[in-house]
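Observations on chain architecture
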2 protein chains.
Amino acid sequence: MIDKLVENIKKTNAPIVVGLDPMLSYVPEQIQKKAFEEYGETLEGAAEAIWQYNKGIVDATYDLIPAVKPQIAMYEQFGIEGLKAFKKTVDYCKSKGLVVIGDIKRGDIGSTSTAYAVGHLGKVTVGSKTYAGFDEDFVTVNPYLGTDGVKPFVDVCKEENKGIFVLVKTSNPSSGEFQDRVIDGKPLYEIVGEMVDKWGADVIGKSGYSAVGAVVGATYPEMGKVLRDIMPKSFILVPGYGAQGGKASDLTHYFNEDGLGAIVNSSRGIIAAYKQEKYAQFGAEAYADASRQAVIDMIEDINGAICK
Amino acid sequence: MIDKLVENIKKTNAPIVVGLDPMLSYVPEQIQKKAFEEYGETLEGAAEAIWQYNKGIVDATYDLIPAVKPQIAMYEQFGIEGLKAFKKTVDYCKSKGLVVIGDIKRGDIGSTSTAYAVGHLGKVTVGSKTYAGFDEDFVTVNPYLGTDGVKPFVDVCKEENKGIFVLVKTSNPSSGEFQDRVIDGKPLYEIVGEMVDKWGADVIGKSGYSAVGAVVGATYPEMGKVLRDIMPKSFILVPGYGAQGGKASDLTHYFNEDGLGAIVNSSRGIIAAYKQEKYAQFGAEAYADASRQAVIDMIEDINGAICK
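So, here is what we can say about the structure in this document.

Things to note about the relation of the copies chain A and chain B
Superposition of chain A onto chain B requires a rotation of 180° combined with a translation of 0.0 Å along the rotation axis, giving an RMSD of 0.0 Å. In the structure described here, the two chain copies are related by an operation that fits a two-fold rotation axis. Considering only C-alpha atoms, the part of chain A nearest the rotation axis is A:Ile183, at 2.6 Å. Most of the interface of chain A is mirrored in chain B: 100% of its interface residues are interface residues there too.

Written out as structure tokens, the structure reads:
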């Protein structure tokens, strides 16, 4: 799957990912109205609204981008109905040829981590049959529990040709509280980065990149540079561009010399582009066209900053 | 909610929690057969089987125990249908007066962490209405992202009178890879423990305990003793007893002098008791009676070790 991601990036010449993190407040009035007319102001109505909203954005952008990253929390907040919209979104994006990165940040131990891996990347056995529960292509994984938590995901990646991105240095202001603490002269995120390199060592694809990638926030460019060297074969999934303050010029060193090795996420900046002054002329009716323009602008911005 | 947990523990004199972590392989033949006859060997069939299995265990034990801890991964692996069984289990346990600890180990940042908190502990707004998605009483939270990740949960706890248990020192063999690393002379888990004490400082219930508790594995008793002192007002949720090797005699120091302050989990040891030699006489038909006996034995074992 890492090879498909690389292929999609080369095809689109766009090392970006669109974060499908719908808040109900982003969904244009006309979509909310229609969904509520059909299902009432219910969880089902909310789920229908975010699904239709997503579909509009995907239809307007899928030919320009290699991948999407739905954030499961935004669906999970609407309970079962929300998760149905998550699953619909995953399936629809895959049908459009997009690589789907489930931003689920799961992590547990042993058989429990296996259960998450099976549910999101693999297949579960029921009697004599097997079924894929959510079936994303990649998921994000939390490393706090150590190898016991990550290894079951790597095993499923190997079997199913899928991938993961392990949280190394997150983009948020307080990420340093634990991640930056210095251990034997090195910050914790470097130690986690070294483990990512190790966990990914025997799942290297034909592209030369590993099925085990890392999450490193755009908001910490100096750390990104160090981590790039520590994990040369890992793709870096980069949150924090745009709305959170990360600039394209900060991201040069997240990429390798081949112009690959990183994929930069934007969520709100793309999906709610129509709410920005810059794209206000599109209006809420043409919200998806605003998203398309924002994607075009983002690709230009990021590519302008990569040394090739 | 922490006060309800304390009240339930006092009422039952049982500082234990039953982990409802069903593997399909634990579910007795007769239950699987009936579910598959009704729904086929499908995700729906699997979900029905684990729900009926859970219901049997809850019916046979609810009068003896204060709380249950369903592990969401075990349901999530069956996709949407599995999560419906999770929700049914949560609702049923609450209807029986049990405190429900959703073992979800979520953790993200800002609005995303809020979405998880809202989905599992709070209420989401849809137009002019509000709905509870999963509605557990407590959930477990991963601290790797720092205060940004935990604070949104604490805010929802305050509004909704709910609680959380933050992962501090997990029970698994590799938990030390990151959690034990020494920072300024202190292991990371102690630093996380200090933050738990801080995060919980303004959500103290009438019982004197905080809505912010901690997860500390039974398999590391020396660390449990230190952490008890660092977080005097936090309840400790203790996994790793029984199947993972933790003994009751190791747990004395997880409790405060009032005999409270910890709640010990057992999952497989209770729910799959009928598979152990000790309870084999019950047989698969009476699996729930085996679970009841295992609960009685566990309560005696734990109470024997608490200094009161």
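Comments concerning helix α5 (residues 79-95) of chain B
Taking 1.5 Å per residue as the helical rise, α5(B) with its 17 residues ought to reach 24 Å, and the 25 Å between its terminal C-alpha atoms agrees with that figure. Those residues of α5(B) that fall on the buried side of the exposure criterion are B:Gly79, B:Glu81, B:Gly82, B:Leu83, B:Lys84, B:Ala85, B:Phe86, B:Thr89, B:Val90 and B:Cys93.

Brief notes about the sheet that holds strand β1 (residues 16-18) of chain A
Residues and elements named next belong to chain A. Strand order in the closed barrel formed by eight strands is β1-β2-β3-β6-β7-β10-β11-β12, and the pairing between neighbours is parallel. As judged from the five bridges shared by strand β7 (residues 163-169) and strand β10 (residues 212-216), these two strands associate in the parallel manner. Looking at the pairing, Phe 165 lines up with Gly 213 of β10. Along the sheet, helix α12 (residues 287-305) contacts β1 and β12 (262-266); its crossing angle with β1, the most-contacted strand, is approximately 155°.

A short note on the packing of helix α3 (residues 43-61) of chain B against α5(B)
Residues and elements named next belong to chain B. At their nearest, the axes of α3 and α5 sit 8 Å apart, and the two run at 20° to each other. The angle between α3 and α5 places the two elements in the roughly parallel class. For the crossing formed where α3 meets α5, the hand is right-handed. Contacts between α3 and α5 involve Leu 43, Glu 44, Ala 47, Ile 50, Trp 51, Asn 54, Lys 55 and Val 58 on the former and, on the latter, Gly 79, Glu 81, Gly 82, Lys 84, Ala 85, Lys 88, Thr 89, Tyr 92 and Cys 93. Here the contact of α3 with α5 is built from residues that sort into eight nonpolar, four polar and five charged.

Some remarks on the interface of chain A and chain B
Note on interface size: it is often stated as the accessible area lost on association of the parts. At the interface, 58 residues of chain A touch 58 residues of chain B. Class assignment for the residues of the side of chain A that touches chain B results in 28 nonpolar, 20 polar and ten charged.

Rules and cut-offs
- Per chain, residue numbering runs from 1 following the sequence as it is written.
- Written order decides the labels, with chains lettered from A and ligands numbered from 1.
- Only residues with pLDDT of at least 70 get local features here, since the model is predicted, and only at 80 or more are side-chain atom pairs given and counted; chain-wide, interface and lining totals rely on the full set of residues.
- Fitting of the copies onto one another was done by least squares over C-alpha atoms, counting residues only where both copies have pLDDT of at least 70.
- Contact between residues is assigned whenever the C-beta positions, reconstructed from backbone atoms, fall within 7 Å.
- Secondary structure is summarised from DSSP: a helix means a run of H or I of at least four residues, a strand means a run of E of at least two, and numbering begins at the N terminus for each.
- Working rule for helices: expected span equals 1.5 Å times residues minus one.
- Once C-beta atoms are placed from the backbone, each residue is buried if 20 or more other C-beta atoms lie within 10 Å of its own, exposed if 12 or fewer, and partly exposed for counts between those two.
- When DSSP locates at least two bridges between a pair of strands, those strands are taken to pair.
- Axis definition: a line fitted to C-alpha atoms, over the contacting stretch in the case of helices. Angles run 0 to 180 degrees between N-to-C directions.
- With respect to orientation, any angle under 35 degrees is reported as roughly parallel, any angle over 145 as roughly antiparallel, any angle of 65 to 115 as roughly perpendicular, and every other angle as oblique.
- When the near helix sits turned anticlockwise from the far one by under a right angle, the crossing is termed left-handed; a clockwise turn instead gives a right-handed crossing.
- Residue polarity is assigned by list, with Asp, Glu, Lys and Arg as charged and Ala, Val, Leu, Ile, Met, Phe, Trp, Tyr, Cys and Pro as nonpolar; anything else, Gly included, falls into the polar class.

On their own, these measurements won't tell you what the molecule is for.
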